[in-house]
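Descriptive structure summary
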Amino acid sequence: MDQQEWTRVVEAATRAPSIHNTQPWRFTASGDRLAVRTDPGRALQALDPSGRQRVVSCGVAVEFAVVALAAAGHDTAVEELPDPADPDLLAVLTVTGGRTPDDADRALADAIGARHTERAPFLPQAVPAEVVDRLQATAGGFRVWVKRISGEDEEVTTTFLLSRAEEVEQREPEYLAELQRWMRTDPAAPDGIPVGAVPGEDPATRPSNWLVRDFVVGSRTGERPRDLDPDAPPPDVERPTVLLLGTDGDDRQAWLTAGRALGRVLLEVTAAGLAASPLTQALDWPATRAQLRSRLSLVGHPQMLMRLGYPSGDRSPSTNRRPVAEVLTFGG
Ligand SMILES: Cc1cc2nc3c(=O)[nH]c(=O)nc-3n(C[C@H](O)[C@H](O)[C@H](O)COP(=O)(O)O)c2cc1C
């Protein structure tokens, strides 16, 4: 593998979603190997003190690299957490041979560029059960389970914990200051969340029972769209499919494999014409995360909660990434 080839692979890997678009990763390529490290300098101390969501984000990047390599005609072996003395070294990918990419390889690789977090309400069109079955099988290959939140009890429990977590977060000055630090008004900013990618209205007023994270607390007009036109017909209430991904364990290894499974799931979602957006507030806080676990009687630990559906025509803009040269070095 030459430098140009690795640059293309890392370009694809860095299209991974990451918590607050922190892009908490670094790559070193040498010969046929690519080392993926997490960058603790880009940690979110208030929202993610354990680094769980940072490692999940890097896990997605690892899987995007595997998918990009497959589409470029390379088989890969992934060694996870190869050095116990160096826990920030999350994975080493080794190209083990050549392959002839098939249509499925190419479709997944194409989805890397097309995927983005879609926070706008989805169309009122159900996600086919076969798609969910397929995602479950894909994640199962990583020993990651996918639970569909279904039935009124589970929905009420989960939406209640989401709004409770959101309330706690909005009272936490350190959380708010950190969020503020990662919001970007300059659309050309290479990291962080552009204001254009998040809903400007109060998420609590959206015609949905699923509360997306409120990224612009305190900078809204307070007007509710319905208040402006009281005669407007009531909007369709969004009823997205909501999936919870989880693992038996809850250590770095589990977070990394959860991220890898999430990466592949998100690409399959995109290739199927669907879109997703994480709803991780309830998992940010140990108390709401533990309550979710006990009230849904989960065996294991929730790692990612996300809504899934068919995107409407007006897609939110893509977010930027830092230049590859900033995150990729070449070893000897
Ligand atoms: C572990 C993790 C947790 C996330 N949590 C949320 C969330 O709670 N709410 C949300 O709207 N987006 C969430 N996101 C999405 C990121 O904000 C998004 O990936 C990032 O801004 C880059 O944008 P993109 O996914 O459109 O490329 C999360 C992403 C990851 C990987």
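Scoring rules and cut-offs
The numbers attached to residues start from 1 for each chain and follow its sequence in the written order. Local features are withheld for residues below a pLDDT of 70 in this predicted model, meaning they are given only at 70 or higher, and side-chain atom pairs are given and counted only at 80 or more; totals for whole chains, interfaces and linings count all residues. The basis for every side-chain value is the complete set of heavy atoms in the structure, and neither hydrogens nor water enter the calculation. Note on method: axes are straight lines fitted to C-alpha atoms, helices fitted across the in-contact stretch only, with angles between N-to-C directions ranging 0 to 180 degrees. Helix numbering and strand numbering both begin at the N terminus, where a helix is a DSSP run of H or I of at least 4 residues and a strand a DSSP run of E of at least 2. When an angle is under 35 degrees it counts as roughly parallel; over 145 it counts as roughly antiparallel; between 65 and 115 it counts as roughly perpendicular; any other value is oblique. Crossing handedness: left-handed means the near helix sits turned counterclockwise from the far one by under a right angle, and right-handed means the same turn made clockwise. Note on contacts: a residue pair is in contact if any heavy atoms of the two residues lie within 4.5 Å. Any residue outside Ala, Val, Leu, Ile, Met, Phe, Trp, Tyr, Cys, Pro, Asp, Glu, Lys and Arg is labelled polar, Gly included; the first ten of those are nonpolar and the last four are charged. Paired strands are those between which DSSP finds at least two bridges. Any Phe, Tyr or Trp ring, taking Trp's six-membered ring, that has another such ring centre within 6.5 Å forms a pair; planes under 30 degrees apart are called stacked, those over 60 apart edge-to-face, and the others tilted. Cation placement over rings: the criterion is NZ of Lys or CZ of Arg within 6 Å of the ring centroid and within 35° of the ring normal. An automatic or database domain assignment supplies the start and end points of every domain. Summed over both partners, the accessible area lost on bringing two parts together, with a 1.4 Å probe, is the buried area. Within this document, salt bridges are pairs made up of a side-chain nitrogen of Lys or Arg and a carboxyl oxygen of Asp or Glu, the two lying within 4 Å of each other. N or O atoms closer than or at 3.5 Å make up a polar contact, with two conditions inside protein: a donor-capable atom paired with an acceptor-capable one, and, for residues adjacent in sequence, both atoms drawn from side chains. The criterion for a residue being near a molecule or strand is simple. One of its heavy atoms has to lie within 4 Å of it. Surface exposure here means Shrake-Rupley accessible area, sampled with a 1.4 Å probe, where a residue is shielded only by the protein chains that are shown. Throughout, exposure labels follow a simple rule: accessible area from a 1.4 Å probe, protein chains only, divided by the maximum for the residue type, with under 20% read as buried, over 50% as exposed, and the rest as partly exposed.

1. Digging into the packing of helix H2 (residues 52–71) against helix H3 (residues 103–114)
Taken N-terminus to C-terminus, the directions of H2 and H3 make an angle of 130 degrees; their axes are 8 Å apart at the nearest point. Judged on the interaxial angle alone, H3 and H2 are oblique. The hand of the H2/H3 crossing is left-handed. Between H2 and H3, the residues in contact are Phe64, Val67, Ala68, Ala70 and Ala71 and Asp105, Leu108, Ala109 and Ile112, respectively. Considered class by class, the residues forming the contact of H2 with H3 number eight nonpolar, no polar and one charged.

2. Structural notes on the sheet that holds strand S11 (residues 328–330)
Strand order in the open sheet formed by five strands is S3-S4-S2-S1-S11, with mixed pairing between adjacent strands. In this open sheet, the two edge strands, each paired with only one partner strand, are strand S3 (74–80) and S11. Across the sheet, the mean angle separating the axes of adjacent strands is 20 degrees when strand polarity is ignored. Contacting strand S1 (25–30), strand S2 (33–38), S3 and strand S4 (89–98), H2 crosses the sheet at an angle of about 10 degrees to S4. Relative to S3, helix H8 (residues 252–271) is tilted by about 155 degrees, and along the sheet it contacts S2, S3 and S4.

3. Let's talk about the packing of H2 against H8
Put simply, H2 and H8 touch, their axes get as near as 7 Å, and they point 50 degrees apart. When the axis of H2 is compared with that of H8, the two are oblique. Once H2 is placed against H8, the crossing between them reads as right-handed. Of H8, the residues touching H2 (which contributes Arg52, Arg54, Val55, Val56, Gly59, Val60, Val62, Glu63, Phe64, Val66 and Val67) are Arg252, Trp255, Leu256, Gly259, Arg260, Leu262, Gly263, Arg264 and Leu267.

4. As for the packing of aromatic side chains
A complete count under the given rule lists zero aromatic pairs for this structure. A cation sits over an aromatic face here: arginine 307 above phenylalanine 122, 4.0 Å from the ring centre.

5. Focus on the domain arrangement of the chain
Per the domain assignment, the segments making up the chain are domain 1 (3–115 + 319–330) and domain 2 (129–309). When each unit is reduced to the centre of its C-alpha atoms, the spacing between domain 1 and domain 2 is 23 Å. Carbon and sulfur atoms make up 63% of the area that domain 1 and domain 2 hide from each other, which totals about 3,300 Å². Looking at the side of domain 1 facing domain 2, the largest losses of area belong to His20, Arg52 and Glu80, adding up to 21% of the total buried there. Arginine 264 serves as the salt-bridge partner of glutamate 63, at 2.8 Å between the closest nitrogen and oxygen. In this structure, the connection of domain 1 to domain 2 is made through 20 residue pairs in polar contact (both at pLDDT 80 or more). Looking at the side of domain 1 that touches domain 2, the elements with two or more residues in it are H2, S3 and H3. With twelve residues, the top contributor of residues to the side of domain 1 that touches domain 2 is H2. Residues belonging to the side of domain 1 that touches domain 2 are distributed by class as follows: 21 nonpolar, twelve polar and nine charged.

6. What about the site of the ligand?
Close to the ligand lie 20 residues; Arg115, Thr117, Arg119, Thr280 and Arg321 are nearest. At 2.8 Å, a side-chain N or O of threonine 280 approaches a nitrogen atom of the ligand. Out of a free accessible area of 620 Å², the ligand has 99% covered by protein chains. Class assignment for the residues of the shell around the ligand results in seven nonpolar, nine polar and four charged.

7. As for the sheet that holds strand S5 (residues 145–148)
The sheet built from four strands is open, its strands ordered S5-S8-S10-S9 with antiparallel pairing. This sheet does not close on itself; its edge strands, each paired only once, are S5 and strand S9 (275–278). Adjacent strand axes in the sheet meet at a mean angle of 30 degrees when their direction is disregarded. Across four bridges, the pairing between S9 and strand S10 (residues 301–309) is antiparallel. Of the residues in S10, the one forming a bridge with proline 278 is methionine 306. In the packing of H8 onto the sheet, contacts are made with strand S8 (241–247), S9 and S10, and the angle to S10 comes to roughly 10 degrees.

8. Thoughts on the pattern of salt bridges
Scanning the entire structure with this criterion turns up 17 salt bridges. Close ionic contact of arginine 26 with aspartate 39 constitutes a salt bridge, the shortest N to O distance being 3.7 Å. Remark: aspartate 39 occurs in the loop between S2 and H2 and arginine 26 occurs in strand S1; sequence separation between them is 13 residues. For arginine 26, a relative accessible area of 38% gives the class partly exposed. With a relative accessible area of 12%, aspartate 39 lands in the buried category. Sharing partners across several salt bridges, the network here consists of Glu63, Glu80, Arg260 and Arg264.

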